[in-house]
Each structure stands twice: as C-alpha cells, then as structure tokens.
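Breakdown of the fold
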Amino acid sequence: MTDTTTDRALILDFGGVISRTLFETHDETERALGLGPGTLTWFGPFHPESDGLWQAMQAGRITERDYWLERTREVGALIGEHWTEMRQFVRAARGADPDAVIRPEFRETLATCKSAGIRLAILSNELDLFYGADFRDKLSFLADFEVIIDATHTSILKPDPRAYSAVLDALALPAASCVFVDDQQRNIEGARDIGLQTVHFDVARPGSSYAEALRLLGLE
C-alpha cells in the first residue's frame, strides 16, 4: 500500500451490495427447491408496486428482518418445511454454490481497491443471521476485509450511529476518509448523519453504483 491510499476505506453492506439479492435469483431458487418456474412472485425493489410487504418495509412499518422472516416462512411452506430462520432459506437456495451469487461488479471493485491500497470493511445488519457463519467459510475474498462488523453479534443495527462508529473505530479512520455503500436509504441517511461519504446502491444498476464509490475514493 502507498501513503496516498492507506488512509481511505471502502465500507460495504453485504446482502444486495456484495451478493445478488434473492429477488434477482428466483430462477435459481426455484430450481434448487424444486418449485415450478414463476412460483416466486415477489420482487421487492425491482417491482415494488406489486410487493406490498416490501412497501411496508420501506415505509418503516416493518423491519428488513421482518420482511425476510415472512418470506422465509412462505417459501418454506411451499416445500412443506417450517422455516423460522432466514439462514434456512438461504442455505436451501444458495448453499451448494454461494460464490455464484457474488456480484461480478463487486469482484472488479475489490481488485481495483486492493491494487490501490484502499482499506476494506463490511458493515452488515445480518450477515451471519441470514447466511450462517459457515457461509463465510466458502467465500475466500472475505479474507481481504480488514474489518467485518455484523449486527448478528453486536445487536446494533444500522442506522444506529453506533454501528457506523464501530467500523470507523476499528479502522481508526475519520468518517470523511471512508465511502459507505448500502442499498437501503435509511442506512445511507444514518451514514450521512455522521459524516460518511455515501453511495445509495442501486441493485438494478450495480456497475454504476460501484463506479460512483470508486469515484469518491479518487479511483475513477
């Protein structure tokens, strides 16, 4: 790393930013679970007007965890299972090859940041809660992240200011030296409130969102 880059960091959310959303992989999920094509009809940010549960989450009437717990129950019931934890859904849908759902745009950005000496961190509300700790073991790129803060274990959820402070403290960097990327507007607003540079990740245009993060890091 060079002196001009080690004082900057890219802080990423995991689900939706590093990995593709479950909305984007309905075809793979249906095949993995033996469901007919088109069985899963909820598409969250890709078709919010047809997903009332997503609208409730965006309006703050339910949490993101509430949303996914309900979808977990629904999908489990479709195959005769009583699922009560998100990781049951994810393992069944993605357990065979979790690496396959990692965004290629993320891999390109990771390589660029490593080459430039940009420090790397993950700030997630539910990494192990949704995916299970063993999921991490299958993703070798996580070794490139200096800091991983997961509210599964801290119980401090974004947009609580303490969540952002924890990752900044671990990096020993000021907020202004870091770029935070998340796909949820409320988390972006919380990050801005403590002075982080932010990119509201567009799951429909991941390349553009990563390009903006690199621009803010001076790597355009």
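Our subject is the structure that appears above.
Attention now goes to the overall build of the protein. Counting its secondary structure elements, the protein contains eleven helices and five strands. A globule of 220 residues ought to have a C-alpha radius of gyration of about 17 Å, and the protein, at 17 Å, matches this closely. Dimensions of the protein along its principal axes, counting C-alpha atoms only, are 55 × 35 × 30 Å. Counting only contacts in the protein whose residues sit at least 6 apart along the sequence, the fraction spanning at least 24 positions is 65%. Surface accessibility of the protein: about 10000 Å² in total, with carbon and sulfur atoms responsible for 49%.

Of note, Arg-8 is situated in the segment before strand 1 (9–12). Asp-7 provides the closest opposite charge to the buried, salt-bridge-free Arg-8, at an N-O distance of 4.2 Å.

Next up on the list: the pattern of salt bridges. Under the defined criterion, the tally for this structure stands at 13 salt bridges. Salt-bridge contacts for Arg-71 lead to Glu-74; the nearest nitrogen and oxygen are separated by 2.8 Å. Note that Arg-71 and Glu-74 are positioned in helix 3 (residues 64–78) at a spacing of three residues, about one turn of the helix. Here Arg-71 falls in the buried class, since its relative accessible area comes to 7%. The salt bridge partner of Asp-182 is Lys-158, with a shortest N-O separation of 2.8 Å. With a gap of 24 residues between them, Asp-182 in strand 4 (residues 178–182) and Lys-158 in the loop between helix 8 (151–154) and helix 9 (161–171) connect regions that are remote in the sequence.

Here we take up the packing of aromatic side chains. The relative placement of two aromatic rings is captured by the distance of their centres and the angle of their planes. Enumeration over the complete set of coordinates arrives at 13 aromatic pairs. On the basis of an interplanar angle of 80° and a centroid distance of 6.5 Å, the ring pair of Trp-42 and Phe-89 is categorised as edge-to-face. Here the residue Trp-42 occupies a position in the loop between helix 1 (26–33) and helix 2 (52–58), and Phe-89 occupies one in helix 4 (residues 86–94), the gap between them amounting to 47 residues. Assigned by exposure class, Trp-42 and Phe-89 land together as buried. With a centroid separation of 6.0 Å and 20° between ring planes, the pair formed by Trp-83 and Phe-89 is classed as stacked. Note on Phe-89: relative accessible area 1%, which makes it buried.

When the terminal C-alpha atoms of helix 3 are compared, their 22 Å separation across 15 residues agrees well with the 21 Å that a helix rising 1.5 Å per residue should span. Here helix 3 has its buried residues at Glu-64, Tyr-67, Trp-68, Arg-71, Thr-72, Val-75 and Gly-76. Along the long axis of helix 3, the arc covered by the buried residues comes to 155°, so they all point the same way. In this structure, the buried residues of helix 3 make contact with helix 1, helix 2, helix 4 and helix 6 (127–131). Gly-80 sits one or two positions beyond helix 3 and adopts a positive phi of about 75°.

Of the two faces of strand 1, the one lined by Ala-9 and Ile-11 and the one lined by Leu-10 and Leu-12 are each fully buried. In terms of strand pairing, strand 1 meets strand 2 (residues 119–124) through four bridges, oriented parallel. Paired with Leu-12 across the strands is Ile-122, a residue of strand 2. With four bridges joining them, strand 1 and strand 4 adopt parallel strand pairing. Looking at the pairing, Ala-9 lines up with Cys-178 of strand 4.

In this section: the nonpolar core. Judged by nonpolar contacts, the single largest core of 48 residues is most densely connected at Leu-10, Phe-14, Ile-18, Phe-141 and Phe-145. Beyond its immediate sequence surroundings of up to four residues, Phe-14 is in contact with Ser-19, Ile-102, Ile-122, Ser-124, Leu-127, Tyr-131, Phe-135, Leu-139, Phe-141 and Leu-142. Formed by 18 residues, the second largest nonpolar core is a distinct cluster that contains Ile-11, Ala-163, Leu-168 and Ile-188.

What counts and what doesn't
- Residues numbered from 1 in each chain as written.
- Predicted model: local features only at pLDDT ≥ 70, side-chain atom pairs only at ≥ 80, totals over all residues.
- Heavy atoms only, no water.
- Helix = DSSP H or I, 4+ residues; strand = E, 2+ residues; numbered from the N terminus.
- Rg over C-alpha atoms; globule rule 2.2 N^0.38 Å.
- Contact = heavy atoms within 4.5 Å.
- Areas by Shrake-Rupley, 256 points an atom, 1.4 Å probe, with all protein chains shown as cover.
- Buried < 20%, exposed > 50% of the residue type's maximum accessible area, 1.4 Å probe, protein only.
- Lys, Arg positive; Asp, Glu negative; His and termini not counted.
- Salt bridge = Lys/Arg side-chain N within 4 Å of Asp/Glu carboxyl O.
- Phe/Tyr/Trp six-rings, centres within 6.5 Å; stacked < 30°, edge-to-face > 60°.
- Expected span 1.5 Å × (residues − 1).
- Arc of directions from axis to C-beta.
- Pairing = 2+ DSSP bridges.
- Core = buried A, V, L, I, M, F, W, Y, C linked by side-chain atoms within 4.5 Å.

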